[in-house]
Amino acid sequence: MKKLILILGDQLDVDSVALRGINPKTDEVLMVESVNEAKHVWSHKARIALFLSAMRHFAEYLKSQGFSLTYIERSPFTIVEELRSKIISGKFAHLVCVEPGEWRLKQSIEALALELNITLEVLQDQHFYCNHEEFKGWVANKKELRLEYFYRLMRKTHGILVDQDGNPEGGQWNFDRDNRKPFPKKGPGLIPPPELFEPDLLTKAVLAEVQEHYSDHPGSLEHFQWPVTRQQALLALEGFIEYRLATFGIYEDAMWTDTPFGWHSLLSSSLNLKLLNPREVIDAVLVAWKKHDLELATVEGFIRQILGWREFVRGMYYLDMPQMALDNFYDHQNALPAWYWTGETKMKCMQEAIGQTLQYGYAHHIQRLMVTGNFALLAEVLPKEVCDWYLAIYVDAIEWVELPNTAGMALFASGGRFTSKPYIASGAYIKRMSNYCGSCQYKPDIRFGEGACPMTTLYWNFLIKHRTQFEASPRTRLMTANLSRISEADQQAIQTHAKGLLGDLNSL
Ligand code: FAD
Ligand code: SF4
């Protein structure tokens, strides 16, 4: 029976399980660029360009390997509509694909197979350590779903940073205390740049096309130098391991003006497009650890992101969809301030985080969680609007990883389902972890009145509003203890000031 193999835009794996055992005489591969996909969220130009360029490079690779490929460029239809036409016109009775990352797309493909009465083979994605069954098995009987315990299980199961008895290397599971420092007062100093890739002819054509067809979309293409092929992704990995990994951990949470990448890896887009496998990333880190005698803290800090967070959020996404997309624990309803799309705000921290996002389609984790995410939570913005923004604006954004991070982690929209507390902070945290406040017209220490920092005002307002919730948990009780040191009159003034801010977020 001849097979149709569907390869999605984030499944650019040269070693794809879907391509194994294919019969080149009868079987066909289908790839679809859907304009719909780029437009259903108002995607950053660089995000669109990255997908298109990586897909077209992958298509060239498939052709060079002799696969019979139908590649549909710039289709006005959805992927599923194109798939339906292809199955019908080609009289296919057998469809094969690797499990789509996006929950809804998986549902649609399954529904299509039923409707057309064809055999559907959905293969497990090899780019994760933990499959859905294993994750469900871990979840069963757990009172609380917390990254830390899942991560320890992953370490033991895969023998990563554990001794023969399953004890953690260095005697502890977590080195956060040694990591996460701010940059020195005089600045980050010279950071070796990440590997960046000059666009080749194919990418240049894509950039021109995106500029022409998506000119009203946010973001710039000026700095587009992302890896678009497996070879480039491997070079990016090599460069990170060689020059940046050693200092990753200590400054993983630090922020500084005009320092968009810090010591981070910039590997997320390559991992998410499946140009890289997380196993080869972790293996390379472990080899470098021994070879260059790296600090265990930085190695553990980095591995935790991939073996811990990346696997954990993916497990949660598939477990909790479609509910996760609807969650709104605090019933927040404010609109996202328009300046999230332009960076034109007076708040220096937001200017920096959004500004570099518009330039590169990139911000690191703490900028996403504790700057733009923190503000959206404190400003009581409707989770759907915030999630749409994150899905649109980062080159690595794909729903399975974006949604749990945004709704679950940054906005606490799923309540305490898989995070122990809301990640909120005042201007004092941003002042400690960056130099942003020094050149801001607001003052991080002023809670209300002239010059008050909006992060600070809204932080205290949030605590006052949700005092009972924060007092109930040992993880957050200390935060409300600080609140009791603020006089009743000042608390009133904070609330009045906050009300004004919340009613006019666009003017900040
Ligand atoms: P590094 O800091 O170098 O980390 C190494 C790798 O670990 C990353 O490449 C990534 O694959 C993985 N990783 C790190 N943190 C996380 C995490 N919290 N969840 C999953 N994987 C993680 N990541 C995405 O890949 N796509 C998204 O759409 C996305 N949206 C996010 C939205 C919010 C609100 C927040 C708080 C985080 C989001 N993240 C997302 C996670 C994280 O911010 C990015 O993975 C990271 O900033 C990418 O940069 P990097 O490759 O330099 O990462
Ligand atoms: Fe951000 Fe407040 Fe600092 Fe300004 S003062 S940069 S608004 S935290």
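Here the residue numbering is sequential within each chain, running from 1 through the sequence in written order. Starting at A for chains and at 1 for ligands, labels are handed out in the order in which the entities are written. Only residues with pLDDT of at least 70 are given local features in this predicted model, and only at 80 or more are side-chain atom pairs given and counted; all residues enter the totals for whole chains, interfaces and linings. Hydrogens and waters are ignored; side-chain quantities use all the structure's heavy atoms.

So what's going on with the site of ligand 2? Which residues, and what values?
Near, as used in this document, describes a residue that has one of its heavy atoms within 4 Å of the molecule or strand being considered. Surrounding ligand 2, one finds Met347, Lys348, Cys349, Gly427, Ile430, Tyr436, Cys437, Cys440, Tyr442, Pro444, Cys453 and Met455. The helix count covers DSSP runs of H or I at least four residues long, the strand count covers runs of E at least two residues long, and both are numbered beginning at the N terminus. Elements with a contribution of two residues or more to the shell around ligand 2: helix H13 (348-360) and helix H17 (427-433). Gly is put with the polar residues, along with every residue not named as nonpolar or charged; the nonpolar set is Ala, Val, Leu, Ile, Met, Phe, Trp, Tyr, Cys and Pro, and the charged set is Asp, Glu, Lys and Arg. Looking at the shell around ligand 2 residue by residue, the classes come out as ten nonpolar, one polar and one charged.

Give a description of the nonpolar core that names residues and reports values.
For the purposes of this section, nonpolar cores are sets of buried Ala, Val, Leu, Ile, Met, Phe, Trp, Tyr and Cys residues that join through side-chain atoms within 4.5 Å. Classification of residues uses two cut-offs on accessible area relative to the type maximum, computed with a 1.4 Å probe and protein chains only: under 20% is buried, over 50% is exposed, and between them is partly exposed. Of all hydrophobic cores here, the largest spans 160 residues; its most connected members are Met31, Met350 and Phe375. Per-element accounting of this core gives the leading share, 13 residues, to helix H12 (residues 296-320). What makes two residues a contact is simply this: any of their non-hydrogen atoms within 4.5 Å. Residues in contact with Phe375, not counting those within four places in the same chain, are Pro337, Trp339, Tyr340, Met347, Met350, Pro454, Met455, Leu458, Leu505 and Leu508. Counting residues in each nonpolar core, the second largest holds 18 residues, with Val32, Ile72, Ile109 and Ile118 among its members.

Go over the pairing of strand E5 (residues 119-123), please, and point to the residues and values.
Judged from the five bridges that link them, strand E4 (residues 94-98) and E5 form a sheet pairing that is parallel. The residue bridging His94 from the neighbouring strand is Thr119, located in E5. For crossovers, right-handed means that the path from the first strand over the helix to the second runs clockwise, given strands pointing away from the viewer. Following the backbone out of E4, through helix H4 (residues 103-116) and into the adjacent parallel E5, one traces a crossover that is right-handed. Two strands make a pair as long as DSSP finds a minimum of two bridges between them.

Summarise helix H6 (residues 147-158); cite the residues concerned and give the values.
For H6, spanning twelve residues, the distance from its first C-alpha to its last is 16 Å, which sits close to the expected 16 Å at 1.5 Å a residue. Those residues of H6 that sit buried are Leu147, Glu148, Phe150, Tyr151, Met154 and Arg155. End-on view of H6: buried residues confined to an arc of 165°, all on one side of the axis. Elements that come into contact with the buried residues of H6 comprise helix H5 (132-139) and H12. Once H6 ends, the next one or two residues include Gly159, with phi positive near 60°. An expected span of 1.5 Å times one less than the residue number is assigned to each helix. Arc, as used here, means the arc of the directions from the helix axis to the C-beta atoms.

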